[in-house]
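For reference, the chains in residue letters:
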Amino acid sequence: MKFNYKKILIIGCGGSGKSTLARQMGEKFALPVVHLDKIYWLPNWVKKNSDQFDKELLEELQKEKWIIDGNFTRTFKTRLSYADLCIFLDYSTDLCLQSVFERVKKYKGKTRPDMTEGCPEQADEEFIDWIKSYNDNVRPEFLEILKNSNVPYLIFNSRKQTSEWLNSFD
């Protein structure tokens, strides 16, 4: 099967593997990968102001091709308007929490590759609570936006399903 997409969004709960899938797809399809977390965060977990974030995001969106991973509900409709495919990693809360705890252990005291340098890996209470509430608070809105868009989208409910899809391309 041939892959014909040049601008792909990857969304899903924290810990679902958005950045991992983005890297895998970037390598497989020779597409540049943009991690929203790297645009959003300054060192020491300081949030960039919205105007600067929006400006940098727009610069990326206007490029010819990309894979962008991340949620950021406020900018989802804008990002989707530039995309030609959206992938939603719709995994269980338990799997996402487990992945986050494994990631914290793996990168303890270090910055993971898809994050701004100077933001050592952590899973604070606010982030854990956000993951636990994702299916009630974020997921319905994203699904509604996807259904009302003209952008093709795929929803994967397991890592196995995602992997099989990715491996179906030459």
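Please refer to the structure placed before this passage.
A short tour of the structure in this document, coming up.

## Observations concerning the pairing of strand β1 (residues 7–12)
Taking burial as the measure, the six residues of β1 include six buried ones, the bulk of the element. Residues Lys7, Leu9 and Ile11 point to one face of β1 and Ile8, Ile10 and Gly12 to the other, with burial holding for every one of them. The pairing of β1 with strand β5 (residues 66–69) spans four bridges and is classified as parallel. Considered in β5, the bridge of Ile10 is made with Asp69. Note that β1 and strand β6 (residues 85–89) share five bridges and pair parallel. Bridge pairing links Leu9 to Cys86 in β6.

## Describing the sheet that holds β5
In a beta sheet, neighbouring strands are held together by backbone hydrogen bonds and run either parallel or antiparallel to one another. Spatially, the five strands line up as an open sheet ordered β2-β5-β1-β6-β7, and their pairing is parallel. Lying at the two open borders of the sheet, with one neighbouring strand each, are β2 (33–35) and β7 (153–156). Taking the axes of each pair of neighbouring strands and ignoring which way they run, one obtains an average angle of 15 degrees across the sheet. Here three bridges tie β2 to β5, and the two strands are oriented parallel to one another. Looking at the pairing, Val33 lines up with Ile67 of β5.

About the criteria used
- Residues numbered from 1 in each chain as written.
- Predicted model: local features only at pLDDT ≥ 70, side-chain atom pairs only at ≥ 80, totals over all residues.
- Heavy atoms only, no water.
- Buried < 20%, exposed > 50% of the residue type's maximum accessible area, 1.4 Å probe, protein only.
- Helix = DSSP H or I, 4+ residues; strand = E, 2+ residues; numbered from the N terminus.
- Pairing = 2+ DSSP bridges.
- Axes fitted to C-alpha atoms, helices over the stretch in contact; angles between N-to-C directions.

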